[in-house]
Amino acid sequence: RTFHLRAAVNRQGWSTVASMATTPLVAPSAVALRGKGVRVSTARVARSPRTRAVPRASLADEILAPPAVPPPGEYCESYARAVRRPTRTVWIGKVPVGSEHPIALQTMTTSDTRDVQKTVEEVMRVADAGADICRITVQGNKEADACMEIREQLFKRGYDIPLVADIHFAPKIAMRVADAFEKIRINPGNFADGRKKFDVITYEDEDDYRRELEEIEEVFTPLVEKCKKLGRAMRIGTNHGSLSARILSYYGDTPAGMVESAFEFARICRKHDYHNFVFSMKASNPLVMVQAY
């Protein structure tokens, strides 16, 4: 396995490292590492017929010899580097996401989506600044109408940055915007269930729960089929603060509930042979978020 190493120092003086499985690793010299703020010792690794001596650095060592699995009691393979897990490649317009592909930079507009000119100008600015993907909130029919014009104007001005529609509560709006945007973001906690009511639901048996899943499939399947037909991507984005009453009643306010909330929709996607989707787990408590992932 090969890695490309980049080291940098942030404002607080912490050394940060990003690596990708793209090009052969060239061990950085002690001088280069010291110049980046990384403490380097003069110790050298033992020689063998297949190894050569390299400078020993606290971060470089971990990159050169990463553990294969998380140590007992730990939640990740390494504190010093990101380990890219093999996944499908998800295409968001022209941008590939996952596995060996570089991490795509996504941002979101702050303008009123109904203000087409302002939104177009904002998307152009973020694209010029290096963003790969831009998300736009789409609350209702007026915003959906504007999305068609936003996409058309951007194309006319030579901007093909993929656009993502942020959808809540409105399956019909998602269906409309899928004609214009390259990706649809749905919240499984409110896509089919509507606004959160904090109701406590008692399920006498699994059949009661399964019937609600059948209703979700009926509402969600048209969007899945349309995204598959048009080559659109989808993000199934769970919010810890907006889990459905069904999930809260059955799983509680837990990371497991967040995961199941997403999987309910993912199973429908896979049932219809649609795989161009990604997950996200959002929580105000980082421990909950990490455990969900």
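The shown structure was predicted, so the numbers you read here are calculated from the model rather than taken from an experiment. (Residues numbered from 1 in each chain as written. Predicted model: local features only at pLDDT ≥ 70, side-chain atom pairs only at ≥ 80, totals over all residues. Heavy atoms only, no water.)

**What about a nonpolar patch on the surface?**
Here comes step 1: Residues Tyr-75, Tyr-79 and Val-290 make up a contiguous nonpolar surface patch of roughly 370 Å² in combined accessible area.
Here comes step 2: Here Val-290 shows up in helix H9 (residues 286–292). (Patch = residues over 30% accessible without salt bridge, like charges linked within 9 Å, V, L, I, M, F, W, Y side chains within 5 Å. Areas by Shrake-Rupley, 256 points an atom, 1.4 Å probe, with all protein chains shown as cover. Salt bridge = Lys/Arg side-chain N within 4 Å of Asp/Glu carboxyl O. Helix = DSSP H or I, 4+ residues; strand = E, 2+ residues; numbered from the N terminus.)

**Thoughts on the sheet that holds strand S9 (residues 163–166)**
Here comes step 1: Ordered by their spatial adjacency, 6 strands build an open sheet running S7-S8-S9-S10-S11-S12, and the pairing between neighbours is parallel. What marks the edges here is a single partner per strand, and that holds for strand S7 (106–108) and strand S12 (277–282). Across the sheet, the mean angle separating the axes of adjacent strands is 25 degrees when strand polarity is ignored.
Here comes step 2: Note: strand S8 (residues 133–137) against S9, 4 bridges, orientation parallel. Bridge pairing in S9 links Arg-135 to Val-164. (Pairing = 2+ DSSP bridges. Axes fitted to C-alpha atoms, helices over the stretch in contact; angles between N-to-C directions.)

**Quick notes on the side chain of Lys-183**
Here comes step 1: Here Lys-183 shows up in strand S10 (residues 183–186).
Here comes step 2: Summary of buried charges: Lys-183 has no salt-bridge partner, and the nearest side chain of opposite charge, Asp-166, is 9.3 Å away. (Buried < 20%, exposed > 50% of the residue type's maximum accessible area, 1.4 Å probe, protein only. Lys, Arg positive; Asp, Glu negative; His and termini not counted.)

**Looking at the packing of helix H3 (residues 116–128) against helix H4 (residues 141–156)**
Here comes step 1: Between H3 and H4, the shortest axis-to-axis distance is 10 Å and the interhelical angle comes to 45 degrees. With respect to each other, H3 and H4 are oriented oblique. Seen from above, H3 lies across H4 with right-handed handedness. When H3 is examined against H4, the residues Val-116, Gln-117, Thr-119, Val-120, Val-123 and Met-124 are found in contact with a partner set consisting of Ala-146, Glu-149, Ile-150, Gln-153 and Leu-154.
Here comes step 2: Classifying every residue of the contact of H3 with H4 gives 7 nonpolar, 3 polar and 1 charged. (Parallel < 35°, antiparallel > 145°, perpendicular 65-115°, else oblique. Left-handed = near helix turned anticlockwise from the far one by under 90°. Contact = heavy atoms within 4.5 Å. Nonpolar A, V, L, I, M, F, W, Y, C, P; charged D, E, K, R; others polar.)

**With respect to the packing of aromatic side chains**
Here comes step 1: The full count for this structure, using the stated rule, is 8 aromatic pairs.
Here comes step 2: Both rings, one in Phe-277 and one in Phe-279, keep their centres 5.7 Å apart while their planes meet at 75 degrees; by these two values the pair is edge-to-face.
Here comes step 3: Residue class for Phe-277 comes out buried when judged on its relative accessible area of 12%.
Here comes step 4: We classify Phe-279 as partly exposed; its relative accessible area is 35%.
Here comes step 5: One aromatic cluster is present, formed by Phe-263, Tyr-274, Phe-277 and Phe-279 through successive ring pairs.
Here comes step 6: When the ring centre of Phe-155 is taken as reference, the NZ or CZ atom of Arg-151 above it lies at 4.0 Å. (Phe/Tyr/Trp six-rings, centres within 6.5 Å; stacked < 30°, edge-to-face > 60°. Lys NZ or Arg CZ within 6 Å of the ring centre and 35° of its normal.)

**Focus on the layout of surface pockets**
Gaps between atoms show up when a probe of the same size as a water molecule is rolled over them.
Here comes step 1: Taken as a whole, the largest pocket holds about 1,500 Å³ of empty space.
Here comes step 2: Lining the largest pocket are 35 residues; nearest its centre among them are Arg-84, Arg-85, Thr-87, Phe-279 and Tyr-293.
Here comes step 3: Going through the elements one at a time, strand S5 (90–92), helix H8 (255–271), S12 and H9 are the ones with two or more residues in the lining of the largest pocket.
Here comes step 4: Ranked by residue count, the leading element in the lining of the largest pocket is S12, at 5 residues.
Here comes step 5: Grouping the constituent residues of the lining of the largest pocket by class yields 21 nonpolar, 7 polar and 7 charged. (1 Å grid on protein atoms, 1.4 Å probe; cavity = no way out; pocket = protein on both sides within 12 Å on 5 of 7 lines; lining within 4 Å. Points joined across faces, edges and corners; volume = space filled by probe spheres on them.)

**Describing the pairing of S10**
Here comes step 1: Of the two faces of S10, the one carrying Lys-183 and Arg-185 and the one carrying Ile-184 and Ile-186 are both buried.
Here comes step 2: One crossover worth recording links S9 to the parallel S10 by way of helix H5 (residues 171–177), and it is right-handed.
Here comes step 3: In this structure, S10 lies alongside strand S11 (residues 233–239), joined through 4 bridges in parallel fashion. Counted as the bridge partner of Ile-184 is Met-234 from S11. (Right-handed = clockwise from strand over helix to strand, strands pointing away.)

**What to know about helix H6 (residues 206–230)**
Here comes step 1: Taking 1.5 Å as the rise per residue, H6 with 25 residues should run 36 Å; its terminal C-alpha atoms sit 35 Å apart, in good agreement.
Here comes step 2: Its maximal kink placed at Phe-220, H6 deviates by approximately 40 degrees, while the proline Pro-222 follows within four residues.
Here comes step 3: Taken together, the buried positions of H6 are Tyr-209, Ile-216, Phe-220, Thr-221, Leu-223, Val-224, Lys-226 and Cys-227.
Here comes step 4: Each element contacted by the buried residues of H6 is listed here: H5, S10, S11, helix H7 (245–251) and H8. (Expected span 1.5 Å × (residues − 1). Bend = angle between axes of the 7 residues up to and from the residue.)

**So, the pattern of salt bridges**
Here comes step 1: Here the structure, examined in full by the defined rule, presents 14 salt bridges.
Here comes step 2: Linking Arg-151 and Glu-182 is a salt bridge whose minimum nitrogen-to-oxygen distance equals 3.0 Å. One end of the pair, Arg-151, is in helix H4; the other, Glu-182, is in the loop between H5 and S10, and 31 residues separate them in sequence. Grouping residues by exposure puts Arg-151 and Glu-182 together as buried.
Here comes step 3: Taking the shortest distance from any N to any O, the salt bridge between Lys-271 and Glu-217 comes out at 2.7 Å. With Lys-271 in helix H8 and Glu-217 in helix H6, this residue pair connects regions lying 54 residues apart in the sequence.

**Thoughts on H3**
Here comes step 1: Under the 1.5 Å per step criterion, the end-to-end length of H3 is 18 Å for 13 residues, consistent within 8% with the ideal 18 Å.
Here comes step 2: Turning to H3, its buried residues are Val-116, Thr-119, Val-120, Glu-122, Val-123, Met-124 and Val-126.
Here comes step 3: Directly beyond the C-terminal end of H3, a positive phi value near 115 degrees is found at Gly-130.

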